[in-house]
Amino acid sequence: MPPADSIDVPRLLADCKLASVEYRGSLPSTQDRAHQLAADGKTPLLVVADAQTAGRGRGGNRWWTGGGSLAFSLLIDPVAHGLPRQPVSQASLAAGIALIDAVSVWLGDTIIGLHWPNDVFAAGRKLAGILIDVLPDGRHIVGVGLNVNNTFSAAPDEVRLRATSLIELSGQTLDRTEILILFLRAFEGMLAQLATNPAELGCRFDRCCLQIGHDLTIELANRRTTGRCAGIAPDGALLLDTLSGRQKFYSGVLR
Ligand code: BTN
C-alpha cells in the first residue's frame, strides 16, 4: 500500500517544469538512480523515493531517510538556466535558500538558515542536507534530503541528537508534494537569479548564514584552519577570520 502522503506525480508535472519524474516506494539512493537515468539526456529529471536503503550524504556519509521525509534528486543542465556548463559553486547554497523559502511559511518565528557548505538548520538542528554531483558533461544532480513528517525515535543516535523535522517544528503533518513543488519553483528562480543577478543572491547567502561569529575549524587537503566565521561571500566561499587574516574556502569539511 502506498503511504497516505504519496507524492502526487501528475500534480508535480502540471505545476513544475520537469521533463520526467520517477517516483518509487524504495530505492537504494535517488542520487544513484538519477546517475543511471542521466544517460537518457532529458532534463530536468526528478527522482523521488519514500525510502532509501543506501542514501548518500556528503563526504561518504550515510543519509538516514526516515519514513515521511522527502528524498529526491534533480538532474539539471546549467545551460538551460543560462549558466555555463561547469561546476556551479553556488548551486548547493542556492538550493539551501530555495529550501528555506519553500518551508518558512510553516515555521513562524523559528530561526532557519544555512550551515555552510550544504545544510539547512532550523531551531539549531539539521533540517535538510544537500549533495551535488557534477557529471563529466557538466550537468548537475542536486540531491536533497528534507525532514518533513518524520520523527527520530528510530534514528541512529548521531541523527536523533542533531536533527529536526517540519512536523516537530510546526506540529503539523505537511503535504510533501506541495513542499516539493515550492522547492522546485524556488530553485528554478534561484538558478535564473544566479545567471542574471548573482550579486543579489550572493547577499542572501550571507544574510542566511547561521555560523557568523562562530569559531570554526575547516579541514582541506589534510590541513586544518581555525577562525571566526565572517559569513559567506557572494561567490559561495566561507569566510574565516584567522590569525593570519581573512581566508576564503570553497570546499572543505568542518570539524
Ligand atoms: C548531507 O547532508 O551530507 C547531504 C545529504 C543528501 C541526502 C540526499 S537524500 C536524496 C539524495 N539521495 C541520496 O542518496 N542522497 C541525497
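Residues numbered from 1 in each chain as written. Predicted model: local features only at pLDDT ≥ 70, side-chain atom pairs only at ≥ 80, totals over all residues. Heavy atoms only, no water.

A. Geometry of the site of the ligand. Lining the immediate environment of the ligand, one finds 20 residues, of which Ser29, Gln52, Arg56, Arg58 and Lys126 sit closest. Contacts to the ligand include Thr30, whose side-chain N or O atom sits 3.0 Å from a nitrogen atom. A distance of 2.7 Å is found between an oxygen atom of the ligand and a backbone nitrogen or oxygen belonging to Arg58. When the ligand sits alone it has 420 Å² of accessible area, and the protein chains cover 97% of it. (Near = heavy atom within 4 Å. Polar contact = N/O pair within 3.5 Å; in protein donor to acceptor, adjacent residues only side chain to side chain. Areas by Shrake-Rupley, 256 points an atom, 1.4 Å probe, with all protein chains shown as cover.)

B. Spatial organisation of the layout of surface pockets. Estimates place the volume of the largest pocket at around 1000 Å³. In this structure, the largest pocket is lined by 42 residues; those nearest its centre are Arg58, Asn61, Trp63, Lys126 and Arg162. Going through the elements one at a time, helix 2 (30-37), strand 3 (70-76), strand 6 (125-134), strand 7 (140-146), helix 4 (157-160) and strand 12 (253-254) are the ones with two or more residues in the lining of the largest pocket. With four residues, strand 6 is the single largest residue contributor to the lining of the largest pocket. Per-class residue counts for the lining of the largest pocket are 16 nonpolar, 18 polar and eight charged. Both domain 1 (9-207) and domain 2 (211-254) contribute no fewer than three residues apiece to the lining of the largest pocket. Taken as a whole, the second largest pocket spans an internal volume of roughly 330 Å³. Residue lining of the second largest pocket: 20 residues in total, with Arg58, Ser89, Ser92, Pro117 and Tyr250 positioned closest to the centre. Only helix 3 (91-103) and strand 6 provide two or more residues apiece to the lining of the second largest pocket. Per element, the largest residue contribution to the lining of the second largest pocket is four residues, and it comes from strand 6. In terms of residue class, the lining of the second largest pocket is built from twelve nonpolar, six polar and two charged. If you count residues domain by domain, the lining of the second largest pocket takes at least three from each of domain 1 (9-207) and domain 2 (211-254). (1 Å grid on protein atoms, 1.4 Å probe; cavity = no way out; pocket = protein on both sides within 12 Å on 5 of 7 lines; lining within 4 Å. Points joined across faces, edges and corners; volume = space filled by probe spheres on them. Helix = DSSP H or I, 4+ residues; strand = E, 2+ residues; numbered from the N terminus. Nonpolar A, V, L, I, M, F, W, Y, C, P; charged D, E, K, R; others polar. Domains from an automatic or database assignment.)

C. Representation of the environment of Ser6 within the structure. With respect to the helices and strands, the residue Ser6 is situated in the segment before helix 1 (9-15). Take Ser6: its relative accessible area is 27%, and that puts it in the partly exposed class. For Ser6 and Leu146, which are 140 residues apart along the polypeptide, the C-alpha to C-alpha distance reads 15 Å. Here Ser6 is in contact with Tyr23, Arg176 and Thr177, once residues within four sequence places are set aside. (Buried < 20%, exposed > 50% of the residue type's maximum accessible area, 1.4 Å probe, protein only. Contact = heavy atoms within 4.5 Å.)

D. Quick look at the sheet that holds strand 1 (residues 20-27). Sheet architecture is open: seven strands sit in the order 1-2-3-7-6-5-4, paired in mixed fashion. Every interior strand has two partners, whereas the edge strands, strand 1 and strand 4 (112-115), have only one. Looking at each pair of strands side by side, their axes are set apart by 20 degrees on average, direction ignored. In this structure, strand 4 lies alongside strand 5 (residues 119-122), joined through four bridges in antiparallel fashion. Across the sheet, His115 pairs through a bridge with Asp119, a residue of strand 5. (Pairing = 2+ DSSP bridges. Axes fitted to C-alpha atoms, helices over the stretch in contact; angles between N-to-C directions.)

E. Inspection of the domain arrangement of the protein chain at higher detail. Domains assigned within the protein chain are domain 1 (9-207) and domain 2 (211-254). Centre-to-centre, using C-alpha coordinates, domain 1 lies 24 Å away from domain 2. In this assembly, ten residues from domain 1 lie in contact with 17 residues from domain 2. Summed over both sides, the interface between domain 1 and domain 2 buries roughly 1000 Å², with carbon and sulfur atoms accounting for 56% of that surface. Between domain 1 and domain 2 we count zero salt bridges in total. On the surface where domain 1 and domain 2 come into contact, there are four residue pairs in polar contact (both at pLDDT 80 or more). Of all the secondary-structure elements, those providing two or more residues to the side of domain 1 that touches domain 2 are strand 4 and helix 7 (198-208). A breakdown of the residues in the side of domain 1 that touches domain 2 according to their chemical character gives four nonpolar, four polar and two charged. (Buried area = accessible area lost by both parts, 1.4 Å probe. Salt bridge = Lys/Arg side-chain N within 4 Å of Asp/Glu carboxyl O.)

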